[in-house]
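Structural features, examined
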Amino acid sequence: MSVLTISAITADIGGYVGHSAVHPDLSDVALQRVDAAISQGLLIDGAVNSCGDDINLVMTHRHGVDAEPVHHFAWDTFVELTELAKRLHLYGAGRDLPADAFSGNVGETRPGVAEMEIFERPSEPLIVFAADKTSLGAWNLPLYKIFCDPCNTAGLIIDKGMHAGFTVEVYDLIERRKAFFNCPEDLYDLLSYIGHHRTVRDQACLSPGNPDDPVASTSTSLLSLIAGRCVGKDDPIMIVRCQSGLPAVGEVLEPFANPHYVAGWMRGSHNGPLMPCALDDAHPARFDGPPRVVAMGFQLADGRLVGPRDMLGDISFDRARTQALEMDDYMRRNGPFEPGRLPIEDIEYTTRPQVVERMHGRWEPIEEPTPTPAYR
Ligand code: F6R
Ligand code: MG
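Notes on the structure in this doc start here.

Rules and cut-offs
- Residues numbered from 1 in each chain as written.
- Chains lettered and ligands numbered in written order.
- Predicted model: local features only at pLDDT ≥ 70, side-chain atom pairs only at ≥ 80, totals over all residues.
- Heavy atoms only, no water.
- Helix = DSSP H or I, 4+ residues; strand = E, 2+ residues; numbered from the N terminus.
- Buried < 20%, exposed > 50% of the residue type's maximum accessible area, 1.4 Å probe, protein only.
- Contact = heavy atoms within 4.5 Å.
- Areas by Shrake-Rupley, 256 points an atom, 1.4 Å probe, with all protein chains shown as cover.
- Near = heavy atom within 4 Å.
- Polar contact = N/O pair within 3.5 Å; in protein donor to acceptor, adjacent residues only side chain to side chain.
- Salt bridge = Lys/Arg side-chain N within 4 Å of Asp/Glu carboxyl O.

1. Considering the overall build of the protein chain
Counting its regular elements, the protein chain contains nine helices and 16 strands. For the protein chain, buried positions account for 55% of its 376 residues. Long-range contacts, defined here as pairs at least 24 residues apart, represent 69% of the contacts in the protein chain between residues at least 6 apart. For the protein chain, the accessible surface area stands at approximately 17600 Å², while carbon and sulfur atoms represent 52% of it.

2. Quick word on the site of ligand 1
Not every one of the eleven residues close to ligand 1 is listed here, only the nearest: His19, Tyr91, Arg95, Arg267 and Asp288. Take His19: an N or O atom from its side chain is 3.0 Å from an oxygen atom of ligand 1. With respect to ligand 1, the side chain of Asp288 contributes an N or O atom lying 2.5 Å from an oxygen atom. Within the complex, 78% of the 410 Å² of free accessible area of ligand 1 lies under protein.

3. Side note on the pattern of salt bridges
One pass over the structure, following the stated rule, counts ten salt bridges. Arg33 is the salt-bridge partner of Glu80, the closest N and O atoms lying 2.9 Å from each other. Residue Glu80 is located in helix H2 (residues 68-87), and its partner Arg33 is located in helix H1 (residues 24-39); the two are separated by 47 residues in the primary sequence. Because the salt bridges share partners, they merge into one network encompassing Asp53, Asp132 and Lys133.

This is the structure in structure tokens:
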């Protein structure tokens, strides 16, 4: 059995129309490049899909995680797509790819990267999730449910392969630190770190599994910190392996049947429900949203990607879609008031500071009131 690497890399190359979708010409060119990389032996296989204005490459190869040739390939692909996006005058073309030269790892620049090295099992079902108009913390609640909540994952109770639970690695991207939590023993401690959506400060991301035997991997690049301002949300991606001692496909999909509120949506500044979508419906519209998630199911066959199957397009998620739209109605009634809008500290990387500047000098300290006796 040889080690196989799965790399899922996503980036916003330029929107069609506005920030809503990827132009089909970009997907065609990306697919041609992936096919060429397969012919040249760099990749075993590759798939090109999108969610909203983010294109994603799912690739299998034998070069390991953070492999320079694979990251370079993804980077060059995004650069070529950017040139095409510029020719089509697509919206924000090239805005998310920093002008600096490639540093050897795309994760240190704009694109979101989820990668894992695995020993491919005789049958290896896995799901790649991609979301748009939200941030990395969007995966926290689903991952908690999938790997730590027996009300979601019946296998935690009745499958001896996972009865001992999972180890969860949490990234605190603001403090630049990470820690492992062994669940269920450390469950309450884990929840004290991952139970918020704050997109900038104290961001924590889940990446469950033992590093030597990963079962899930999420992207962890925080765009606002790289760019110094919000030029969109981080639009996360993640890979989850399924079945045979791991959560079943249905257990992995189950959290998305109950849309949860995530940070993002319009101008990266609002809370909205994460709406599960078919691949063909993953095009944000209302208030630039609502935030969307798609799920691409694959079977691996000696590294080849058999798929994708559109897992969240199934009718069993229709009610979740309806529920998400009702949640939209409620949240939009809040307009720019919390919790419709994110807390002030979470939107400090948006364009708001430029507006706040105008009020500089208008604010005065509040004088302490002179105590007035109630009776003279
Ligand atoms: C959110 C997003 C959009 C834009 C909005 C304004 O992640 O991408 O909601 O923030 O459309 O975009 P600009 O500033 O490019 O006009
Ligand atoms: Mg996007």
